[in-house]
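Listed below are the residues making up each chain.
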Amino acid sequence: MAANLRTLCEQHGSVAAVCRKINVNRQQFNKYLSGAHVPSPANLRIIANYFGLSVPMLFAEPEEFRTLVEGNFFHAMATARQLPEFSRFVSDMIVENNADHNDIVGVYDRYQFSSIYKGFVLRSAFCIYRNREFLQHYYVERFPSFDDPKKTEYVFKYYGFCFPVADRLFTADFEGIQSNEMTFGVYAQVKRNAKRFMFGISSGIAATVFRQPYSTKVALHYRGPGLLRREHLKELTVMDRNDPSIPREALQYLGDGSDMIQMS
């Protein structure tokens, strides 16, 4: 928690300014930053509310936490929450979706056919987590170099909201590194399968000079609870569709990629 609090303060100017705004003694706050003391439950709620987070998020693994913060995701979401239209929309969604939805929270392998490596399957890392009354998600893509597959050519990070409606999961997210792409998805759980898959489609506008619209099938394979960790990110790559590490169920759903829609 101390490391995450230091990360947040780096993003929000001086420690003194933070202390003034949350009305916490500077000397006491320094003990939180050093890890000497853990804030009381009341102060944890005050700190979490100020930064627009849930209390459990403050105790995430520092590397995972920094992944979210460096994408400026929290700032963007805090800005969105101030819009009256957004507030009305979210209020309606919360009324319609007051269940815990703990069955979908966690880390997933995300499979789709790549638009960059034609005919190859992209495996990215996808995470759904709860932030106060919201379900939010982020995912990371890595593309190897054409010249040297051991080197990474492109990295994309997407951040957004999840809306469970009528046994479907709707997602809206934006790319946080180039900041030039927004995508939408809709998924359904495969409840008859104990391996916990969600199948659906993702659509948006490609981040290329031609800005082509696209739509493609996506398979999500549940890996476990929590946020993304280093071991999840090590597995991100582009693979031949015959790679045995791709789950059979995911490959059956994706097919051969011929139905991927990309318009010029």
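This text gives an overview of the structure that appears in the document. (Residues numbered from 1 in each chain as written. Predicted model: local features only at pLDDT ≥ 70, side-chain atom pairs only at ≥ 80, totals over all residues. Heavy atoms only, no water.)

Helix and strand counts for the protein stand at ten helices and ten strands. Burial analysis of the protein (264 residues in total) assigns 47% to the buried set. A separation of at least 24 residues holds for 54% of the contacts in the protein among residues at least 6 apart in sequence. As displayed, the protein offers around 13900 Å² of accessible surface, 53% of which is attributable to carbon and sulfur atoms. (Helix = DSSP H or I, 4+ residues; strand = E, 2+ residues; numbered from the N terminus. Buried < 20%, exposed > 50% of the residue type's maximum accessible area, 1.4 Å probe, protein only. Contact = heavy atoms within 4.5 Å. Areas by Shrake-Rupley, 256 points an atom, 1.4 Å probe, with all protein chains shown as cover.)

With respect to the secondary-structure elements, Ala2 resides in helix α1 (residues 2-11). Residue Ala2 is classed as buried on the basis of its relative accessible area of 15%. Between the C-alpha atom of Ala2 and that of Tyr32, which follows or precedes it by 30 residues, the distance is 5.9 Å. In contact with Ala2, other than residues within four places in its own chain, are Tyr32, Leu33, Ser34 and Gly35.

To continue, consider the pattern of salt bridges. Evaluated as defined, the whole model comprises five salt bridges. Across the pair Arg110 and Glu141 runs a salt bridge, and its minimum N-O distance is 3.9 Å. Here Arg110, found in strand β1 (residues 106-113), pairs with Glu141, found in strand β3 (residues 134-144); they are 31 residues apart in sequence, far enough to count as distant. Per residue, the accessibility class of Arg110 equals that of Glu141, and both read buried. The residue Glu235 makes a salt bridge to Arg223 at a minimum N-O spacing of 3.1 Å. (Salt bridge = Lys/Arg side-chain N within 4 Å of Asp/Glu carboxyl O.)

Buried within helix α2 (residues 15-22) we find Val15, Ala17, Val18, Cys19 and Ile22. In this structure, the buried side of α2 is in contact with α1, α3 (26-34) and α4 (41-51). A positive phi of about 60° marks Asn23, the residue just after α2.

With that settled, consider the packing of aromatic side chains. In this structure the tally under the stated criterion is 15 aromatic pairs. Each ring, one from Tyr108 and one from Tyr222, has its centre 5.4 Å from the other, and the planes form 75°; the classification is edge-to-face. You can see Tyr108 sitting in strand β1 and its partner Tyr222 sitting in strand β8 (residues 213-224), a full 114 residues away along the chain. The residues Tyr108 and Tyr222 share a single accessibility class, namely buried. (Phe/Tyr/Trp six-rings, centres within 6.5 Å; stacked < 30°, edge-to-face > 60°.)

To continue, consider the nonpolar core. Leu5, Phe29, Ile47, Leu58 and Leu228 are the most contacted members of the largest nonpolar core, which totals 32 residues. Of all the elements in the fold, those that place two or more residues in this core are α1, α2, α3, α4, α5 (55-58), β2 (120-131) and β3. In contact with Ile47, other than residues within four places in its own chain, are Leu5, Ile22, Phe29, Tyr32, Pro39 and Leu58. Counting 19 residues, the second largest nonpolar core, distinct from the first, contains Ile104, Tyr108, Tyr117 and Leu220. (Core = buried A, V, L, I, M, F, W, Y, C linked by side-chain atoms within 4.5 Å.)

So, on to α3. For α3, the set of buried residues is Phe29, Tyr32 and Leu33. Relative to the axis of α3, the buried residues are bounded by an arc of 100° and lie together on one face. Residues Gln27 and Ser34 are exposed on α3 and point more than 90 degrees away from its buried face. Contacts made by the buried residues of α3 are with α1, α2 and α4. Phi turns positive, to about 85°, at Gly35, one or two residues after α3. (Arc of directions from axis to C-beta.)

In this section: the packing of α2 against α3. Interaxial distance between α2 and α3 falls to 10 Å at its minimum, and their mutual angle equals 115°. With respect to the hand of their crossing, α2 and α3 are arranged in right-handed fashion. Here Val15, Ala16, Val18, Cys19 and Ile22 of α2 come into contact with α3, specifically with Arg26, Phe29, Asn30 and Leu33. Here the contact of α2 with α3 is built from residues that sort into seven nonpolar, one polar and one charged. (Axes fitted to C-alpha atoms, helices over the stretch in contact; angles between N-to-C directions. Left-handed = near helix turned anticlockwise from the far one by under 90°. Nonpolar A, V, L, I, M, F, W, Y, C, P; charged D, E, K, R; others polar.)

Interpretation note: all reported values are geometric properties and have no functional meaning in isolation.
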